[in-house]
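Structure assessment
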Amino acid sequence: MSKNEPFESIQFEEDPLLKPGYKVIAKEGDLSLDSETKYTREEFTGLLELYDSTFKRLDERSIIKAVVLAITANEVIVDIGFKSEGIIPKDEFTEEVKPGDEVDVYLEELENKDGQVVVSKGKANFIKTWEKVQQAYEENRLMKGSIKNRVKGGMMVELEGSIEAFLPGSQIALRPIKDFDELLNREMDFKIIKLSRLRQNIVISRRVVLEQERAKRRQSLITELEEGTVVNGVVKNITDFGVFVDLGGLDGLLHITDLSWSKINHPSEVVKINDKIKVKVLSFDKEQERVSLGMKQLEPSPWEIIAQKYPPNTKVKGKVVNITRYGAFVELEEGVEGLIHISELSWTKHIEHPSQILQVNDEIEVILTDVDVNEQKISLSLKRMKPDPWSELEKLYPMGSKVSGIVRNITSFGVFVEIEEGIDGLIHISDLSWTKRILHPSEILKRGQKVDVVVLDIDKENKRISLGFKQLEKDPWPELASRYGVGKETEGKIVKLIERGVIVELPSGVEGFVPVTQLGKKLNKPSDAFSEGDILPLKIIEFDEKDRRIVLSVNAYFESRKEADLDQYLSQHPTKVIKIEELTGNSNIMEQFDEAERKDASDRERDNQDYKDDNDYSSLEPDAQTAGEEPSVPETNTFEPIEPETDPEPVTLVEDEEPDKIVPDELPGNPEDATEEESSEEDSEDDSETSKEQ
């Protein structure tokens, strides 16, 4: 090479020992120290630069470029431009490579103890990915990743195929996920929510990404959503009253009544969680962001067809599918049910529960009375399959006609008599006897007894029949007026002893009342001197044909008699006495006395109430529908109830008797000697007669 020959024009010889592309610039001995002076400074500098360009500058712990030289079964050999090649395990390569490909590797050491270059493809990928993660975190960008496996508290995600990040369970989705395995190996976008380079810890979230997407869809949906539009949604939640549907950023309510035209008990019968369904927007409040949805509205209403198919007053067949306390539901066809109200089950029977007539799965024929398309209700009737017997009852049983029946029930206010199957009439207690005062109907009639009665009145609207028992006989009171006029004398047999007097039966069978003050002697109560069956001489002092009442007096009878006659009468009815020895000999006599007084007071109070009830029956009417139930009777009597005496009267001596005998002014007999019924009847009659006197 001459001194003045340009460097670029010099032809370098190739050495077969060198690698292809490498040429020999100079060999040992070509240049001497003396010859160096033959080059200019510029030429020498150029030669040095050309020499340096043949070598790479390699820095340890950095990422460098390498060329793939060869690939073995488990390793990849790369050239990094150093005196020795690098060997990298094949599993560190996530992509396919071939000889001649240029790849990035991480240079750990230029020469280890064995003189080998130590490089890593995995570490290079990790560093490059970490830089991307750092940049994405700082710029608030999303990164792609793939879920690899489940761990405690969440899942592990591989970002960019080289670095792992933790995905907490709460950040996986908007709603709880039942099957996590469905997410494995799925690539999706994640947002980095926490980053620690020192610990090499990355926490990511999928939920944030979904919330952002939902917010965008929500805004778009709000502008596009209108009433009447049909949209797709996913069942988000199911409750007893309906279904919440995710429309893609906005939730809507699908009420249970809008799920199906047929009746359902729970929304889960129609839809399930995560079902994809098509719904119609029924209403949309943009301010409140509330959407009301409907699914049955996507199909025509069957009720429009039902109204044409089932006109009113037609006979239909069906099956009883449900029974409630107010009626029975009958299925006419699949999805179509009607209600038989309890009042439409029978014309005559008093039904407390529909199960008395019908059972579930019964096949029946009914009358369709009404179809309400708006309310989606069908009204049915079972009783209208037969004509209303009450409409023909007046013709069958005209007023005043005599019919036979069976006593079905007895109450304190009257007797219910069944005149034909399912039709009962009421005999009021006041219509049992013309002449006798009845304290309870059981004195005259018994349950199950066959009796003849007279039809007094028929109320078709309220379905009530009034019957009479005493009307079978002629009213005797007009004839009794001439026989028992005021001032006439007669005799009577004591049939009842009550507190304020006695009930006597006169020769014609009519009963009269003798007050205790008119018994001919001073007494606190009639039982002190009289007994049932005693015959009394009497004089009529009051006769009331309208109120059917006769009042008699022993005192008036003896006013025109000799004193000897009165003495004879008094001797026949001496006042009952009790010896002092009997009082002192019985240690429990006072306790028995107090107990008897309390019982008498209680009986008198009850009888007073019974008297008021028995004497106010003008407004009562029989109710065949409510046979066996006692109606409430308004208390309209002006009668003042008798206050019970709670304190026992003092014991006084009788002047005309021996000193060792005493007579209590009002000492009751042994409570065990008289039944409770007799005591009640006596007190009630006593009170009624006293009221008449007042």
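Residues numbered from 1 in each chain as written. Predicted model: local features only at pLDDT ≥ 70, side-chain atom pairs only at ≥ 80, totals over all residues. Heavy atoms only, no water.

1. Observations regarding the side chain of K191
Structurally, the position occupied by K191 is in strand 9 (residues 187-196). There is no salt bridge for the buried K191, and the closest opposite charge comes from E211, which lies 10 Å off by N-O distance. Contacts of K191, omitting those with residues within four sequence positions, involve N140, L142, V203, I204, S205, V208, V209 and Q212. (Helix = DSSP H or I, 4+ residues; strand = E, 2+ residues; numbered from the N terminus. Buried < 20%, exposed > 50% of the residue type's maximum accessible area, 1.4 Å probe, protein only. Lys, Arg positive; Asp, Glu negative; His and termini not counted. Salt bridge = Lys/Arg side-chain N within 4 Å of Asp/Glu carboxyl O. Contact = heavy atoms within 4.5 Å.)

2. Some remarks on the sheet that holds strand 13 (residues 251-255)
Pairing between sheet strands relies on hydrogen bonds along the backbone, with the strands arranged either parallel or antiparallel. In space, the five strands of this closed barrel follow the order 11-12-13-15-14, with mixed pairing throughout. Put simply, the sheet's adjacent strands are angled 50 degrees from each other on average, direction ignored. (Pairing = 2+ DSSP bridges. Axes fitted to C-alpha atoms, helices over the stretch in contact; angles between N-to-C directions.)

3. What about the packing of aromatic side chains?
According to the stated counting rule, one finds six aromatic pairs in the structure shown. Aromatic pair F241 and F244: ring centres 6.2 Å apart, planes at 85 degrees, arrangement edge-to-face. Exposure remark for F244: the relative accessible area of 28% places this residue in the partly exposed category. Where Y326 meets F329, the ring centres are 6.3 Å apart and the plane angle is 85 degrees; that geometry is what we call edge-to-face. Relative accessible area serves as the criterion here: at 35%, Y326 is assigned to the partly exposed category. An aromatic cluster is built from F530, Y557, F558 and Y569, whose rings are joined through pairwise contacts. Sitting over the face of the ring of Y557, R561 holds its NZ or CZ atom 4.2 Å from the ring centroid. (Phe/Tyr/Trp six-rings, centres within 6.5 Å; stacked < 30°, edge-to-face > 60°. Lys NZ or Arg CZ within 6 Å of the ring centre and 35° of its normal.)

4. Looking at the pairing of strand 27 (residues 501-505)
For strand 27, the buried fraction is high: four of the five residues fall into the buried class. For strand 26 (residues 489-498) and strand 27, the ladder comprises five bridges, and the chain directions are antiparallel. The residue bridging L497 from the neighbouring strand is V502, located in strand 27. Remark: two residues form the turn of the hairpin made by strand 26 and strand 27, two consecutive strands paired antiparallel. Sheet analysis places strand 27 next to strand 28 (residues 511-515), joined by five bridges and oriented antiparallel. Bridge pairing links V504 to G512 in strand 28. Where strand 27 folds back on strand 28, the antiparallel hairpin that results is connected by five residues, among which G509 adopts a positive phi of roughly 95 degrees.

5. Here's the deal with unusual backbone geometry
The backbone phi angle of N140 is positive, close to 60 degrees, even though this residue is not glycine. Turning to its location among the elements, N140 is positioned in the loop between helix 3 (121-139) and strand 6 (142-151). A residue is classified by how much of its surface remains accessible, and N140, at 51% relative accessible area, is exposed. The backbone phi angle of N313 is positive, close to 65 degrees, even though this residue is not glycine. In this structure N313 comes out as exposed when scored by relative accessible area, which is 60%.

6. As for the nonpolar core
Judged by nonpolar contacts, the single largest core of 26 residues is most densely connected at V504, F530, L536 and I550. Among the secondary structure elements, those contributing two or more residues to this core are helix 7 (477-483), strand 26, strand 27, strand 29 (535-544), strand 30 (549-553) and helix 8 (554-559). Take this core: its biggest share by element is four residues, from strand 29. The contacts of V504, once residues within four sequence positions are left out, are G492, K493, I494, V495, V510, E511, G512, V514, L536, L538 and L552. Among the nonpolar cores identified, the runner-up in size contains 23 residues, and W261, I306, A328 and L380 belong to it. (Core = buried A, V, L, I, M, F, W, Y, C linked by side-chain atoms within 4.5 Å.)

7. Digging into the side chain of D246
Along the chain, D246 falls in strand 12 (residues 242-246). Those residues in contact with D246 that sit more than four places away from it in its chain are R175, N232, G233, V234, K236 and D251.

8. As for the pattern of salt bridges
One pass over the structure, following the stated rule, counts 13 salt bridges. With its nearest N and O atoms 3.0 Å apart, the salt bridge here joins R549 to E542. The buried category is assigned to R549, whose relative accessible area is 11%. Given a relative accessible area of 26%, E542 falls into the partly exposed group. Connected via shared salt-bridge partners are E542, D544 and R549.

9. Some thoughts on the environment of W477
Counting through the fold element by element, W477 comes out in helix 7. Note on W477: relative accessible area 1%, which makes it buried. Taking the C-alpha atoms as reference, W477 lies 9.3 Å from D544; in sequence the two are 67 residues apart.

10. Considering the sheet that holds strand 25 (residues 464-468)
If you trace the five strands once around the closed barrel, you get 21-22-23-25-24, paired in mixed fashion. For this sheet the average axis-to-axis angle between neighbouring strands, irrespective of direction, equals 55 degrees. Across six bridges, strand 22 (residues 414-420) lies against strand 23 (residues 423-428) in antiparallel orientation. Bridging from a neighbouring strand, F416 pairs with L426 of strand 23.

11. Observations concerning the confidence of the model for the protein
Overall, the predicted model of the protein reaches an average pLDDT of 75, with 76% of residues at or above 70. Low pLDDT, under 50, characterises residues 33-37; the predicted model gives this stretch zero contacts beyond four residues in sequence or across chains. (pLDDT = per-residue confidence, 0-100.)

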